[in-house]
Amino acid sequence: MHRKMSLLLCSCLFCLILVFSPVLAEKTEVSLTDILGREVKVDVPVDNMALQWSASGGPFFTLFAIEGKDAASKIAAIDRENLKENRYDIWEAFSTAVPELTSLPNIESGKDLNPETLIALHPSVVVAPKDCYNEGIDIYKKIEDAGIPVITIDFHEEKLENHKKSIELMGQLLGKEEKAVEVFDYYKAQQEKVTSKLDKITTPEPRVYHENAMDPNEMSTSHSSAYMWGSMLNQMRGDVIADGVIEKTAVMSEEYLLKSNPEVILFTGSYWANKPDSLRLGFLSDEKTAKETLEPFKHREGWENLDAIKNNRVYGANIGIGRDITDFAGFQMAAKALYPDVFSDVDPEANLRDFYDKYMPVKLYGKWFVEPSEN
């Protein structure tokens, strides 16, 4: 009798374990072609991934857009300090909404990454922008030699096909290909709100200057048409004055800027931890802060004769909107800056808020764009 009861009890316990134990997804080894054209073998769906360049066009936002509020459970390690230093407002918003982020192991990125530290964390995969990978290629080779695959993505060149491929890769890694298609379709539809009108523009392309607005007392980096905001402005029919003097990103000489006399200026701002006088746009900003921090950049010595200053065509945008899954709003802002009459019905901030409502664990708040009517 006691033996039968013991067997029955064991049988019941086994059934309970089957019922309440988490079901682990069966893994399949697949060969993925990353953005650099490399064939990389990965067991999918991945349990955890190491993120690179989270503050600079990395996989951070794409992971959250596809995985949702549980994205932190898929992260083995994150370059948290880089995110806090360069996009403090984003870190503050996301870590408040997803407190699990604060307890994840911190790593560096690119050439600063310690391969031994990352290898010891045993991530299923490392996801890095291609520029980040190329910057630290010897380091990533060590990681790959240890049996950890590295997948490259790209949002920096602002090419639609690269965005599509990068979003697809994240969907494949997570085993959520259909969700990735949905997210890309949303992105493409938002971008088409401005690209669909470009053929209607017959006026000459306005000369445009872009600068990362870090310090009003000294000029900072600008981008050519091959990179980030310069590429977006070029695709929106702007004559980017950095072309021919900057290959991708660098500080333009003030003499050349004044001689080029841009008709439009687009400053991009962020909550850089070590740049207290920068243009402040993002989660922690408001209209007053945005206006007050933009104003000193408009009053640099010798700039008063620039057409953009004289005609009040100075704009501000959050830098983090570019080179990422949210840069459809950057394209929209670039279009409005160049051709305000043509794109008067486009509201980048409202569209960005809609994206956050649909896909992010955070509700969008703060101030992200500044137009001349507001400054």
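Thresholds, definitions, all that
Residues numbered from 1 in each chain as written. Predicted model: local features only at pLDDT ≥ 70, side-chain atom pairs only at ≥ 80, totals over all residues. Heavy atoms only, no water. Helix = DSSP H or I, 4+ residues; strand = E, 2+ residues; numbered from the N terminus. Rg over C-alpha atoms; globule rule 2.2 N^0.38 Å. Contact = heavy atoms within 4.5 Å. Areas by Shrake-Rupley, 256 points an atom, 1.4 Å probe, with all protein chains shown as cover. Lys, Arg positive; Asp, Glu negative; His and termini not counted. Charge placed at Lys NZ, Arg CZ, Asp CG, Glu CD. Core = buried A, V, L, I, M, F, W, Y, C linked by side-chain atoms within 4.5 Å. Buried < 20%, exposed > 50% of the residue type's maximum accessible area, 1.4 Å probe, protein only. UniProt positions renumbered as here; feature names shortened; annotations may be inferred. Axes fitted to C-alpha atoms, helices over the stretch in contact; angles between N-to-C directions. Parallel < 35°, antiparallel > 145°, perpendicular 65-115°, else oblique. Salt bridge = Lys/Arg side-chain N within 4 Å of Asp/Glu carboxyl O. Pairing = 2+ DSSP bridges.

Visitor: Before we go on, may I ask you to explain the overall build of the chain in this structure?
Guide: The secondary structure content of the chain amounts to 15 helices and 13 strands. Whereas a compact globule of 375 residues would reach a radius of gyration of roughly 21 Å, the chain reaches 23 Å, a difference of no more than 12%. Along the three orthogonal principal directions, the C-alpha set of the chain runs to about 100 × 40 × 40 Å. Taking the contacts inside the chain whose residues are at least 6 apart along the sequence as the reference set, 72% of them involve residues at least 24 apart. Accessible area of the chain: about 16800 Å², with a carbon and sulfur share of 51%. On the chain, the mean spot of the 41 positive side-chain charges and the mean spot of the 61 negative ones are 4 Å from each other.

Visitor: Honestly, the environment of valine 42 in this entry has me stumped. Any pointers?
Guide: With respect to the helices, strands and loops of the structure, valine 42 is situated in strand β2 (residues 39-44). Separated by 224 residues in sequence, valine 42 and leucine 266 have C-alpha atoms that sit 41 Å apart. Ignoring any residue separated from it by four or fewer positions in sequence, one finds valine 42 in contact with Thr28, Glu29, Val30, Leu32, Pro149, Ile151 and Leu173.

Visitor: Would you take a moment to explain the nonpolar core for this structure?
Guide: The tendency in soluble globular proteins is for nonpolar side chains to be buried as a group. Counting 102 residues, the largest nonpolar core has Met49, Phe94, Leu101, Leu173 and Tyr356 as its most contacted members. With eight residues, helix α14 (residues 328-338) is the single largest residue contributor to this core. Apart from the residues within four sequence positions on either side, leucine 101 is in contact with Phe60, Phe64, Ala72, Ile75, Arg80, Trp91, Phe94 and Ser95. Listed in part, the 15 residues of the second largest apolar core include Ala77, Ile107, Ala128 and Tyr133.

Visitor: For this particular structure, what's the right way to read unusual backbone geometry?
Guide: When glycine is set aside, most residues are seen to have a negative phi, and most peptide bonds are trans. Residues valine 44 and proline 45 are joined by a peptide bond in cis, for which omega reads -5°. Tracing the backbone shows proline 45 in the loop between β2 and β3 (49-51). Here methionine 228, not a glycine, exhibits a phi torsion of approximately 45°, which is positive. Assignment of secondary structure puts methionine 228 in helix α10 (residues 228-235). A positive phi is found at asparagine 312, a non-glycine position, where the angle reads about 55°. Overall, the relative accessible area of 32% leaves asparagine 312 in the partly exposed class.

Visitor: When you look at the side chain of asparagine 351 in this model, what are you seeing that I'm missing?
Guide: Mapping asparagine 351 onto the fold places it in helix α15 (residues 348-359). Take asparagine 351: its relative accessible area is 11%, and that puts it in the buried class. Excluding its chain neighbours within four sequence positions, the residues that come into contact with asparagine 351 are Tyr186, Gln190, Lys193, Phe328, Gln332 and Val346.

Visitor: Honestly, the environment of valine 30 in this entry has me stumped. Any pointers?
Guide: With respect to the helices and strands, the residue valine 30 is situated in strand β1 (residues 28-33). For valine 30, a relative accessible area of 25% corresponds to the partly exposed category. Taking the C-alpha atoms as reference, valine 30 lies 49 Å from threonine 293; in sequence the two are 263 residues apart. Setting aside its immediate chain neighbours within four residues, valine 30 contacts Val40, Lys41, Val42 and Val44.

Visitor: Is there a simple way to think about the UniProt feature "domain: Fe/B12 periplasmic-binding" (unreviewed entry) in the chain in this case?
Guide: Per the UniProt record, "domain: Fe/B12 periplasmic-binding" (unreviewed entry) is annotated on residues 51-350. Secondary structure across residues 51-350 divides into 42% helix and 13% strand, with the first and last C-alpha atoms of the span separated by 28 Å.

Visitor: It is not clear to me how the packing of helix α9 (residues 177-195) against α15 should be interpreted in this structure. Could you clarify?
Guide: The angle between the axes and the distance between the axes are what describe a pair of packed helices. One way to put it is that α9 packs onto α15 with a least axis distance of 12 Å and a crossing angle of 170°. The angle between the axes of α9 and α15 places the two elements in the roughly antiparallel class. Taken together, the residues of α15 that come into contact with α9 (itself represented by Lys179, Glu182, Val183, Tyr186, Gln190 and Lys193) are Asn351, Asp354, Phe355, Lys358 and Tyr359.

Visitor: Got a minute to help me understand the pattern of salt bridges in this structure?
Guide: Note on pairing: side chains with opposite charge can pair once their charged atoms come close. In the structure shown here, the tally under the stated rule is 22 salt bridges. As a salt-bridge pair, arginine 38 and aspartate 34 come within 2.9 Å of each other at their nearest N and O atoms. For the pair arginine 38 and aspartate 34, a shared accessibility class is recorded, and that class is buried. As a salt-bridge pair, glutamate 81 and lysine 84 come within 3.7 Å of each other at their nearest N and O atoms. Of this pair, glutamate 81 and lysine 84 both sit in helix α3 (residues 80-86), three residues apart, roughly one helical turn.

Visitor: Looking at this structure, I do not really get the environment of alanine 72. What am I missing?
Guide: Relative to the elements of secondary structure, alanine 72 occurs in the loop between α2 (60-67) and β4 (75-77). The class for alanine 72 is buried, based on a relative accessible area of 8%. The sequence separation of alanine 72 and leucine 101 amounts to 29 residues, and the corresponding C-alpha distance is 6.1 Å. Setting aside its immediate chain neighbours within four residues, alanine 72 contacts Val98, Glu100, Leu101 and Leu104.

Visitor: How do you make sense of α14 when you look at a structure like this?
Guide: What sets the pattern is the α-helix's 3.6 residues per turn: residues three or four places apart point alike. Counting buried positions along α14 gives eleven out of eleven residues, so the element sits mostly inside the fold. Along α14, the residues that are buried comprise Phe328, Ala329, Gly330, Phe331, Gln332, Met333, Ala334, Ala335, Lys336, Ala337 and Leu338.

Visitor: For this particular structure, what's the right way to read the pairing of strand β5 (residues 125-129)?
Guide: Both faces of the sheet carry side chains from a regular strand, because those side chains alternate between them. Of all five residues in β5, five are buried; the element is thus mostly enclosed. Every second residue of β5 is oriented toward a common face, with Val125, Val127 and Pro129 on one face and Val126 and Ala128 on the other, all of them buried.

Visitor: What's the story with the sheet that holds strand β9 (residues 239-240) in this structure? I'm lost.
Guide: Hydrogen bonds between backbone groups are what pair the strands of a sheet, and the pairing can be parallel or antiparallel. Spatial ordering of the open sheet is given by β9-β7-β11-β12-β13, a layout of five strands whose pairing is mixed. In this open sheet, the two edge strands, each paired with only one partner strand, are β9 and β13 (369-370). Pairing of strand β7 (residues 207-212) with strand β11 (residues 264-269) involves five bridges; the strand directions are parallel. Of the residues in β11, the one forming a bridge with asparagine 212 is threonine 268.

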